[in-house]
Amino acid sequence: MEFYFTGIIIGIATFFIIGLFHPLVIKGEYYFGVKVWWVFALAGIIATTASLLVANILWSTLLAVVGASSFWSIKELFDQRERVRKGWFPKNPNRKG
């Protein structure tokens, strides 16, 4: 019996990638506000484009997950601004605007 671990590796890596983007959104909004949305957009474009150019299924899939997570983070960044406005997360007192 042979085992193929690619799916499990992709699942575990996806879990960690999404887990990495959560604090990136929170810290990004805290220090810079929503004006960093373009960084997530650029990262998403680069990662998604790279996923189309990589032949290895594992790396191609993980790049696509990073790209999708980057694009999703744009929405979450604006949602985070609302969560801060509602008082669910702390507002950065030193940030202008």
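Before reading on, note that the structure itself is shown above.
Below is a summary of the structure that appears in this document.

**Observations regarding the nonpolar core**
Phase 1 of the analysis: Counting 14 residues, the largest nonpolar core has I17, F40, L62 and L77 as its most contacted members.
Phase 2 of the analysis: Secondary-structure elements contributing two or more residues to this core are α1 (6–32), α2 (37–53) and α3 (57–85).
Phase 3 of the analysis: Each residue touching I17, except ones within four places of it in the same chain, is listed here: L62, V65, V66 and S69.

**Looking at the side chain of R95**
Phase 1 of the analysis: Residue position: R95 is located in the segment after α3.
Phase 2 of the analysis: Looking at R95, its side chain comes within polar contact range of the main-chain oxygen of E29, at 2.3 Å.
Phase 3 of the analysis: In this structure the side chain of R95 is engaged in a polar contact, spanning 2.7 Å, whose partner is the backbone oxygen of Y30.
Phase 4 of the analysis: The residues contacting R95, other than those within four sequence positions of it, are E29, Y30, Y31, F32 and G33.

**Regarding α2**
Phase 1 of the analysis: With 17 residues, α2 ought to run about 24 Å at 1.5 Å a step, and its terminal C-alpha atoms sit 25 Å apart, in line with that.
Phase 2 of the analysis: Listing the buried residues of α2 in full gives F40, A41, G44, A47 and S51. Viewed end-on, α2 has its buried residues packed into an arc of 140°, placing them on one side of the element. Those residues of α2 that are exposed and angled more than 90 degrees off the buried face are I46 and L53.
Phase 3 of the analysis: Tucked inside the fold, the buried residues of α2 contact α1 and α3.

Parameters and conventions
- Residues numbered from 1 in each chain as written.
- Predicted model: local features only at pLDDT ≥ 70, side-chain atom pairs only at ≥ 80, totals over all residues.
- Heavy atoms only, no water.
- Core = buried A, V, L, I, M, F, W, Y, C linked by side-chain atoms within 4.5 Å.
- Buried < 20%, exposed > 50% of the residue type's maximum accessible area, 1.4 Å probe, protein only.
- Helix = DSSP H or I, 4+ residues; strand = E, 2+ residues; numbered from the N terminus.
- Contact = heavy atoms within 4.5 Å.
- Polar contact = N/O pair within 3.5 Å; in protein donor to acceptor, adjacent residues only side chain to side chain.
- Expected span 1.5 Å × (residues − 1).
- Arc of directions from axis to C-beta.

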